[in-house]
Amino acid sequence: MIWLGGKKSHSLLILDGVLEGLKLICTHSHPRALSKRLEVSSRCSCLLSQSGCSFGGRFYSLEDTWHPDLGEPFGVMHCVMCHCEPQRSRRGKMFGKVSCRNMKQDCPDPSCDDPVLLPGHCCKTCPKGNTHEVCFYDDLHKSYNDRSYISSEENSNRDSAADFVAVLTGVMDSSGVARARFTLTRTSLTFSITFQRMNRPSLLTFLDSDGNTAFEFRVPQADTDMICGVWKNLPKSHLWQLEAEQLRVSMTTTDNKKEEIQGKVIKHRALFAETFSAILTSDGVHSGMGGIAMLTLSDTENNLHFILILQGLVPHGISAKVPVRVKLLYRQHLLREIQANISADDSDFAEVLADLNSRELFWLSRGQLQISVETEGQNPRQISGYISGKRSCDILQSVMSSGSALTPGKTGGVGSAVFTLHHNGSLDYQVLVAGLSSAVVGVTIEMKPRRRSKRSVLYDITADFAAAQEERGGGRALGSCGRVEARHIHMLLQNELFINIATAEQQESELRGQIQMLPYNGLDARRNELPVPLAGQFVSPPVRTAAAGHAWVSVDEQCHLHYEIVVNGLCKSEDTSVSAHLHGLAKIGEMDDSSTSHKRLLTGFYGQQAQGVLKDISVGLLRHLDEGTAYIQVSTKMNPRGEIRGRIHVPNSCELGSRGEVVEEAEFDDLVFVRDPAELRKDPHTCFFEGEHHAHGSQWTPQYNTCFTCICQKKTVICDPVICPALSCPHTIQPEDQCCPICDDKDQDLICSCYFEGDQKMHAPGTTWHPFVPPFGYIKCAVCTCKGSTGEVHCEKVTCPPLTCSQPIRRNPSDCCKECPAEDTPPLEDDEMMQADGTRHCKFGKNYYQNSEHWHPRVPLVGEMKCITCWCDHGFTKCQKKQCPLLSCSNPIRREGKCCPECMGKFWC
């Protein structure tokens, strides 16, 4: 038996993690919830100094598989298999991500009526006497195919992305072929689709496992072969089917041909490393054949790795292997040839073309290499396509800041760049700089310097730069690099290149930024417009900061404002060049700082991006957007009145304001929407306070005292003073812009602050506060802390001290803990020493149990563990596994519903 009072044992600590969603303790990652059907691990992408995964206090190398051990009394979960899945970050670094799945669903059905479960096994087998039964032993070290397990990401709340691919071929009078790439982020599935040998489709349809329509997307008319879109708010059932590769996608045309192509959505390991691609089509009419090639260059050698996914090349019904020839061609001249065997059920093929010479690399960069697959025999079939740089709806962009310069500084300047890579290898660029200290003398595209004093310049585009006539320290560079090498295309699409701005005063580097691929999110503005630069020099008064940013802003037909902000250099320590996570507030308002009537909080954000939509903005703010008198501003603890800012001009015809009633769902639940004043007056639940109308449920800081927080509850205004928690530090200070004192820590200014959604405020690192929860106000039974090292907010319930009186009292209604009255202090007996204000129930996993209540614990993916009994003993959980007698036989078996094994004589297979 395990005593669970006081400090918990190691095994119970592990069990707590399982029951809370099997949270992993990983460096630079966040615990996440567990998918009840698919996973046993948390969504934890651990960025470790050594590539691998950390699980349950143990380290596993990439590609390792194991059964999780929950410790006594639970033991090893033999029906759960975990896998350390290799992943590549945006900077090309390898790391591990834990994925686990329940193997029980793969067990074969025993042919006997009374199967038994052998100890240490997951699947039941037939005992002696069933000679026709073949034993199934668990392969504990199976190296799973990249599509045989599910990625460890919670379906309902994704912080990281998962990529999928589909090959679409003709099913009805079509020779068309399409390659579709999908990215799942939280519950939104974005897609980039390119197609050949068919007219532009008009309808894209997702089909579920039963063949029913799950989602339809009307394809907008355009003159390109690229389709970009997003499926928002996927239901859980469709998320599960997506992860289980049970969804299909179909595209149809509505012209005279009425073509249709269709394919299965699958997950493939090669997607994260792909930098070149090709669509393989046939010259035949209505062939139904097609395929795609995913290619990448080796990091150090000129080896071209590729994977082919083929459809229809081998007719269905042919089970035997079919020999094929894979050819690399240039203008129909054979360069390389590889022979392989494929079948209708296993048509994927992977190979490496070693040591490409300079001519082959040149033709690769120009999109002039052709890859062909041809079957051998009497009736050969052939598909082929040209290789080019990977195409998608994502955008190549860079934010340049002085904090990222080779010698970091604080100038308040900004650089913004957008790039377009064409199929022929040319690279278009649009670069804008502003707020620089002196004239620009160099604009270069570079690699990461091998040494601080030795830069690796690839392309010098200074000749295309033109200084701005009306603005000092600004200018633009528009042009194209027509001879980008294949190696540099590979590095560009792996986020390994940088853009550098040198000035007369900073000859090496005043601004610098990494060129990164920004995933498509459904916002079309960034494909058609340049982003708005955000700089400290644009703040009033100007701020000399190391940070910079840019933003895309658009107003749609419903007068909803869409925004996306990317920043670089915010919250960076002065003594290091490594950027920390961003913690800041973004808001939108009019340029006249004296006005407060047209300002909106966009969102608090974590990372280097913030995006969302405002669906209920005021007429006044829309007018300022139309006139170009509005701004976007990002504020931090160091500069609460604005660290970077940019003027935005979004022409619109929204004289009547946003038409929010036609919107199905809000994209962000945590945004505070501001309605038009005329509409607020008509709302019977509106509150009128200090000359302004406030919507029901809204909260704000009153003008009469900024150390209060007010909320509107059905015409009633409730204002609560900010409650300052007690501090344990010896020295405190009272900042002018804060209501509560904080610990005097000189190093805190170098650490990131925290944004808390409850009160929508920034909190200094190390500070503690009681959370504000509308409509209840400040909750004194909980304390939140800003973790300065990570910028995370950690909230926990206040633990009330044990009391020695028989009748404790609560002195104030808002107090969390009871106290003993001064006149009532008789001691209690030892066996009655309990927490007077604390509950006597037990919390186990996510459930609460009353004192003396017994239960069988439930473990995700495993279910109820009937052989283990837990009970609540005055607030402490105790668990005990059923004690089994020792057996003298060598082959014990366990029957259905039995906790202990039994002897059945000799057992054989």
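A brief structural summary. (Residues numbered from 1 in each chain as written. Predicted model: local features only at pLDDT ≥ 70, side-chain atom pairs only at ≥ 80, totals over all residues. Heavy atoms only, no water.)

Moving on, we come to the overall build of the protein. Scanning the protein from N- to C-terminus turns up 7 helices and 64 strands. A sequence separation of at least 24 residues applies to 56% of the contacts in the protein between residues at least 6 apart. When the accessible area of the protein is evaluated, it comes to approximately 44100 Å², of which 48% is carbon and sulfur surface. (Helix = DSSP H or I, 4+ residues; strand = E, 2+ residues; numbered from the N terminus. Contact = heavy atoms within 4.5 Å. Areas by Shrake-Rupley, 256 points an atom, 1.4 Å probe, with all protein chains shown as cover.)

What follows is about the state of the cysteines. Across all of its chains, the model carries 13 disulfides by this definition. Between the sulfur atoms of Cys-53 and its disulfide partner Cys-84 the distance amounts to 2.2 Å. Taking the torsion about the sulfur-sulfur bond, which here is approximately 85°, the covalent link between Cys-53 and Cys-84 counts as right-handed. Linking Cys-53 in strand β2 (residues 53-55) with Cys-84 in strand β5 (residues 80-88), this pair joins segments that are 31 residues apart in sequence. As far as burial versus exposure is concerned, Cys-53 and Cys-84 are alike and both buried. (Disulfide = S-S within 2.5 Å. Buried < 20%, exposed > 50% of the residue type's maximum accessible area, 1.4 Å probe, protein only.)

Our next topic: the pattern of salt bridges. Inspection of every chain in the model, using the stated rule, returns 12 salt bridges. Of the charged contacts, one joins Asp-225 and Arg-391 as a salt bridge, the two residues approaching to 2.9 Å between their closest N and O atoms. Of this pair, Asp-225 sits in the loop between β11 (213-218) and β12 (226-231) while Arg-391 sits in the loop between β23 (388-389) and β24 (395-400); the two residues are 166 residues apart in sequence, bridging distant segments of the chain. You can call Asp-225 partly exposed: its relative accessible area is 26%. One salt bridge connects Glu-446 with Arg-512, and the closest N-O pair in it is separated by 2.7 Å. Here Glu-446 is found in strand β27 (residues 440-451), whereas its partner Arg-512 is found in strand β32 (residues 511-514), with 66 residues between them in sequence. What you see here is one network of salt bridges that share partners, running through Asp-163, Arg-179, Arg-181 and Glu-274. (Salt bridge = Lys/Arg side-chain N within 4 Å of Asp/Glu carboxyl O.)

This brings us to the packing of aromatic side chains. Under the criterion given, the structure shown has 11 aromatic pairs. Among the aromatic residues, those joined into a cluster by ring pairs are Phe-182, Phe-191, Phe-206, Phe-215, Phe-217 and Trp-231. The ring centre of Tyr-631 lies 4.0 Å from the NZ or CZ of Arg-645, which sits over that ring. (Phe/Tyr/Trp six-rings, centres within 6.5 Å; stacked < 30°, edge-to-face > 60°. Lys NZ or Arg CZ within 6 Å of the ring centre and 35° of its normal.)

Of the strand pairs in this sheet, strand β58 (residues 854-855) and strand β61 (residues 868-873) are connected by 2 bridges, and their pairing is antiparallel. Residue pairing in the sheet places His-854 in a bridge with Trp-871 of β61. Sheet topology places β61 next to strand β62 (residues 876-881); 6 bridges connect them, and they run antiparallel. Bridging across to β62, Ile-868 finds its partner in Lys-881. Following β61, the chain reverses through 2 residues before pairing antiparallel with β62; His-874 in that reversal takes a positive phi of roughly 55°. (Pairing = 2+ DSSP bridges.)

The next point concerns helix α6 (residues 619-627). Turning to α6, its buried residues are Val-619, Gly-620, Leu-621, Leu-622, His-624 and Leu-625. Immediately downstream of α6, the backbone of Gly-628 shows phi near 75°, a positive value.

In this section: helix α4 (residues 486-493). Taking burial as the measure, the 8 residues of α4 include 8 buried ones, the bulk of the element. Among the residues of α4, those classed as buried are Ala-486, Arg-487, His-488, Ile-489, His-490, Met-491, Leu-492 and Leu-493. Within two residues after α4, Asn-495 carries a phi angle of roughly 60°, on the positive side.

Okay, the sheet that holds β24 next. Read across the sheet, 6 strands follow the order β29-β30-β26-β25-β24-β33 without closing on themselves; strand pairing throughout is antiparallel. Strands at the two margins of the open sheet, each flanked by one partner only, are β29 (465-467) and β33 (516-518). Geometrically, the sheet is characterised by an average inter-axis angle of 20° between neighbouring strands, direction not taken into account. Here 7 bridges tie strand β26 (residues 427-434) to strand β30 (residues 475-481), and the two strands are oriented antiparallel to one another. Among the inter-strand pairings, Val-431 is bridged to a residue of β30, identified as Ala-477. (Axes fitted to C-alpha atoms, helices over the stretch in contact; angles between N-to-C directions.)

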